[in-house]
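An overview of the molecular structure
Here is how the chains run, residue by residue.
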Amino acid sequence: MTVSVIVCTYRRAEDVCRLLACLAEQTYPDVDVLVVDGTGEDPVVRDAVDRFAATSGRALRLQLITSPKGLTTQRNAGLRVARGDVICFLDDDVTVGPTFVAEAVALLDQPALRDVGGLTGFDVLSYPQPISWRWRARRWLGTAPSLEPGATDRLGRHAPVSFATRSPVLRPLGWLPGFCMIYRRSAIGDLRFDEDLPTYGGEDRDFSLALGARWRLMLSTRLELSHHVSPSARSSAVRRMYETGFGTGRAFAKRAHGLRDRLRLAHYIACEFLIDLATAFPRVSAERLRMPMARARGVVAGWRSLRRTSRGAIARPVAGTANGASR
């Protein structure tokens, strides 16, 4: 199987080159690497990638793709060019060991996993994260479907994959985190990322929920990687909160049916507002006090964004439907 690794980036030249060095060391022989640069006219990423290709001394099938800025737009740009039987999305601030791709392909090759359409790996820097009081409050208030790692419901409400421990070795998930998503091309079919979602709007959940309706999604704890969470080129915390809320509201709008689901959305907004407000104390700051309203405004804007336009089917296909196995 040919593997296409898609790395979307914006102004993170150093991070990209660190990941490229990892990918150049892969033991699996049939790997294409597509760096999708949304930096625009600034040559910082382009120059760094050219420099790496010229001086690394490593064989790597590497292609730089320029794209308008925006994570969903860049992911789709990579999909249009990728030719692999397996599509691996990695964030630019990830590092992997030399057998990472080979282990992922071996998993997808197992007869018992032929109906698995998507995989993610175990982040050795962050997993498992303790279940915080915020998430316990969400569960108690009914805005999280459960506290099982990677749980989701039909409205897109979810629990973090980062709650996962080392056991079991293979864990079924409801969604895949965007820093590491490995899909069969046959599972993706014509699906594309919703380009109306902002960077922190949950494009990974939106896409993997659609794919997961027809294929199994799994976490392998033996498929190890490190997500360094680079601080560079990130929006402010308030802006990220707004975008997160926007994605939630848009997810509700795509999946809601009738008055009961509208009431669930109102309940979600109220409960998240209270949790965000409680989080502002005791270390009160102007930014912390702006967070509850930023999320609430984002949720309402996300809901209205779909109601104002006919665009935005759930990770909508370009044409037709994707081929897939039943779950």
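This is a predicted model, so every value here is computed, not measured.

1. A closer look at the pairing of strand β2 (residues 31-37)
- Of all seven residues in β2, seven are buried; the element is thus mostly enclosed.
- The two faces of β2 match: V31, V33, V35 and D37 on one face and D32, L34 and V36 on the other face are all buried.
- Strand direction decides the pairing type here: strand β1 (residues 3-9) and β2, joined by seven bridges, are parallel. Along β2, the bridge assignment pairs V3 with V31.

2. Focus: the pattern of salt bridges
- Counting across every chain of the model gives 25 salt bridges.
- For D194, the salt bridge goes to R250, with nearest N and O atoms at 2.7 Å. Within this pair, whereas D194 is found in the loop between α6 (185-188) and α7 (203-212), its partner R250 is found in helix α8 (residues 237-255), the two being separated by 56 residues in sequence.
- R250 gets classed as buried once you look at its relative accessible area, which sits at 1%.
- Residue D261 pairs with R264 through a salt bridge whose shortest N-O separation is 2.5 Å.

3. Concerning the environment of V94
- Summarising the element assignment, V94 is placed in strand β5 (residues 94-96).
- The class for V94 is buried, based on a relative accessible area of 0%.
- Taking the C-alpha atoms as reference points, V94 and R304, 210 residues apart in sequence, are found 34 Å from one another.

4. Quick look at α8
- In a regular helix each residue adds 1.5 Å, so 19 residues correspond to 27 Å; α8 covers 27 Å between its end C-alpha atoms and thus fits that length.
- Burial within α8 is extensive, with 16 of its 19 residues counted as buried.

5. Here we look at the packing of α8 against helix α9 (residues 258-279)
- Interaxial distance between α8 and α9 falls to 10 Å at its minimum, and their mutual angle equals 165°. With respect to α9, the element α8 is oriented roughly antiparallel. Taken as a pair, α8 and α9 cross one another with a handedness that is right-handed. Side by side, α8 and α9 meet where M241, T248, F252 and R255 of the first sit next to D261, R264, L265, Y268 and D276 of the second.

6. Section: the side chain of R250
- Within the structure, R250 has its side chain in polar contact with the side chain of D196 (distance 3.1 Å).
- Among the polar contacts listed, one links the side chain of R250 to the side chain of S305, at a separation of 2.8 Å.

7. Here's the deal with empty space enclosed by the protein
- According to the stated counting rule, one finds two cavities of 30 Å³ or more in the structure shown.
- One number sums up the size of the largest cavity: a volume of about 100 Å³.
- When contributions to the lining of the largest cavity are tallied by element, the ones reaching two or more residues are α7 and α8.
- The element that contributes the greatest number of residues to the lining of the largest cavity is α8, accounting for six residues.
- Broken down by class, the residue content of the lining of the largest cavity amounts to three nonpolar, five polar and five charged.
- By volume, the second largest cavity amounts to about 40 Å³.
- Elements that contribute at least two residues to the lining of the second largest cavity include exactly β4 (86-91) and α4 (100-109).
- Element by element, the count of residues in the lining of the second largest cavity is highest for α4, at four residues.
- When its residues are assigned to classes, the lining of the second largest cavity shows eight nonpolar, no polar and no charged.

8. Details of the environment of S162
- Topologically, S162 is positioned in the loop between α5 (133-141) and β7 (170-173).
- Of the residues examined, S162 reaches a relative accessible area of 11% and is grouped as buried.
- In sequence terms S162 and P177 are 15 residues apart; their C-alpha atoms lie 9.0 Å from each other.

About the criteria used
- Residues numbered from 1 in each chain as written.
- Predicted model: local features only at pLDDT ≥ 70, side-chain atom pairs only at ≥ 80, totals over all residues.
- Heavy atoms only, no water.
- Buried < 20%, exposed > 50% of the residue type's maximum accessible area, 1.4 Å probe, protein only.
- Helix = DSSP H or I, 4+ residues; strand = E, 2+ residues; numbered from the N terminus.
- Pairing = 2+ DSSP bridges.
- Salt bridge = Lys/Arg side-chain N within 4 Å of Asp/Glu carboxyl O.
- Expected span 1.5 Å × (residues − 1).
- Axes fitted to C-alpha atoms, helices over the stretch in contact; angles between N-to-C directions.
- Parallel < 35°, antiparallel > 145°, perpendicular 65-115°, else oblique.
- Left-handed = near helix turned anticlockwise from the far one by under 90°.
- Contact = heavy atoms within 4.5 Å.
- Polar contact = N/O pair within 3.5 Å; in protein donor to acceptor, adjacent residues only side chain to side chain.
- 1 Å grid on protein atoms, 1.4 Å probe; cavity = no way out; pocket = protein on both sides within 12 Å on 5 of 7 lines; lining within 4 Å.
- Points joined across faces, edges and corners; volume = space filled by probe spheres on them.
- Nonpolar A, V, L, I, M, F, W, Y, C, P; charged D, E, K, R; others polar.

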